[in-house]
Amino acid sequence: MKRPRIVIPEINQNVKNYVNAVSAAGMDPIVVSLQEAQVPQTYQQEYLDYSEFRVAEYDGLLIPGGGDINPIRYGQENHGSIMVVDELDKLQFSILDDFVKTGKPVFGICRGHQVINVYFGGTMIQHLPTSFRHARKLEEPDKVHGCIAEEGSWLAKLYGTKFSHNSAHHQAVDRLGENLVTDSHCLEDGTIESMHHAALPIYSVQWHPERMCLDWERDDTVNGLPVLQFFCGVCSSFLR
């Protein structure tokens, strides 16, 4: 059976965990960046300059974690956003626009979850008052907290309505973008932890399933691989 080809857009970021998890879930990852920003990384199966990217050649988009979106994109001044990279915003929003316009599947992880929300007109909480539950320092492991998944949601079908997952973010979705639906929220403070689009094959999680599987599997969370296998199934249904 043909494996879906999945675009992962990034700039100067080590996306080894995403590449490994996407591959293990049954898809072929292709990292897309800007030529001047590319850093050769031997684990990547394919590394493509954005100038050569053509959406018709790919079956799905995975937007990975990373820094914060420039708040100007959702009509706010910066009052809590850090590690803003305008070039990364431009790259990821442009590729997301290509996939939305062609109706192809999209999955967002952490920053990617937020990119999807902003693309559809949503806003962000630039710094959570309860960030101590969600954020971590770089040298520390991910935080862990419980979540409640909506009954009947794609996420509840994978894990049930109550489970624990990792957490490594200081921002969160505030106003939902147009046609986006909440699928789960944090048990302790109600932070939106996953979404889907009501009409398009677009899904997202605020957490990091790629750091909850394979060599990163942990005893205090569910295994993250089923999330990416779910996305593989969505992409496979679009294959010719």
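See the structure above.
Computed from a predicted model, the values in this text were never measured in an experiment. (Residues numbered from 1 in each chain as written. Predicted model: local features only at pLDDT ≥ 70, side-chain atom pairs only at ≥ 80, totals over all residues. Heavy atoms only, no water.)

Draft legend 1. Highlighting the packing of aromatic side chains. A full pass over the atoms with the stated rule returns 11 aromatic pairs. Measuring from centroid to centroid gives 6.1 Å for F107 and W154, while their planes differ by 85 degrees, and the two rings are edge-to-face. Separated by 47 residues along the polypeptide, F107 in strand β5 (residues 106-109) and W154 in helix α4 (residues 154-159) bring together distant segments of the chain. By relative accessible area, which is 0% here, F107 ends up buried. For W154, a relative accessible area of 8% puts it in the buried group. When the ring of Y159 is compared with that of F163, the centres are 4.9 Å apart and the planes differ by 45 degrees; the resulting orientation is tilted. Here Y159 matches F163 in class, with each residue buried. Site record: aromatic cluster; members linked through ring pairs are F107, W154, Y203, F230 and F231. R73 extends its terminal NZ or CZ atom over the ring of F93, reaching a point 4.4 Å from the ring centre. (Phe/Tyr/Trp six-rings, centres within 6.5 Å; stacked < 30°, edge-to-face > 60°. Helix = DSSP H or I, 4+ residues; strand = E, 2+ residues; numbered from the N terminus. Buried < 20%, exposed > 50% of the residue type's maximum accessible area, 1.4 Å probe, protein only. Lys NZ or Arg CZ within 6 Å of the ring centre and 35° of its normal.)

Draft legend 2. Representation of the layout of surface pockets within the structure. A volume near 690 Å³ is recorded for the largest pocket. If you trace the largest pocket, you find 28 residues lining it, with G66, M83, R136, L138 and A168 closest to the centre. Taken together, the elements giving at least two residues each to the lining of the largest pocket come down to α1 (16-24) and α3 (111-119). Residues belonging to the lining of the largest pocket are distributed by class as follows: 9 nonpolar, 11 polar and 8 charged. (1 Å grid on protein atoms, 1.4 Å probe; cavity = no way out; pocket = protein on both sides within 12 Å on 5 of 7 lines; lining within 4 Å. Points joined across faces, edges and corners; volume = space filled by probe spheres on them. Nonpolar A, V, L, I, M, F, W, Y, C, P; charged D, E, K, R; others polar.)

Draft legend 3. Seen up close, the side chain of T130. Structurally, T130 is set in the loop between β6 (124-125) and β7 (143-149). At 2.5 Å, the side chain of T130 and the side chain of D189 are in polar contact. (Polar contact = N/O pair within 3.5 Å; in protein donor to acceptor, adjacent residues only side chain to side chain.)

Draft legend 4. View of the pattern of salt bridges. Counted by the stated rule, this structure contains 8 salt bridges. Two residues, R3 and D28, come together in a salt bridge whose shortest N-O distance is 2.7 Å. One end of the pair, R3, is in the segment before β1 (5-9); the other, D28, is in strand β2 (residues 28-33), with 25 residues separating them in the sequence. The salt bridge partner of R211 is D142, with a shortest N-O separation of 2.9 Å. Within this pair, whereas R211 is found in the loop between β12 (202-205) and α5 (225-236), its partner D142 is found in the loop between β6 and β7, the two being separated by 69 residues in sequence. In terms of burial, R211 and D142 fall into one category: buried. Because the salt bridges share partners, they merge into one network encompassing R136, D142, E210 and R211. (Salt bridge = Lys/Arg side-chain N within 4 Å of Asp/Glu carboxyl O.)

Draft legend 5. Local environment of unusual backbone geometry. With a phi angle near 70 degrees, N179 is a residue other than glycine that sits in the positive phi range. Examined against the element boundaries, N179 turns out to sit in the loop between β9 (172-173) and β10 (180-186). Using a relative accessible area of 44% as the deciding quantity, one classes N179 as partly exposed. Even without a glycine there, the phi angle at L214 is positive, about 55 degrees. Positionally, L214 belongs in the loop between β12 and α5.

Draft legend 6. Quick peek at the pairing of β5. Judged by which residues are buried, β5 turns out to be covered on both faces: V106 and G108 on one side and F107 and I109 on the other are all buried. Bridge count between strand β4 (residues 60-63) and β5: 3 bridges; the pairing is parallel. The residue bridging L61 from the neighbouring strand is V106, located in β5. Following the chain from β4 across helix α2 (residues 86-102) to the adjacent parallel β5, one finds a crossover that is right-handed. Strand direction decides the pairing type here: β5 and β12, joined by 4 bridges, are parallel. Bridged to F107 within β12 is Y203. (Pairing = 2+ DSSP bridges. Right-handed = clockwise from strand over helix to strand, strands pointing away.)

Take it as geometry only, folks, not as evidence of what the structure does.
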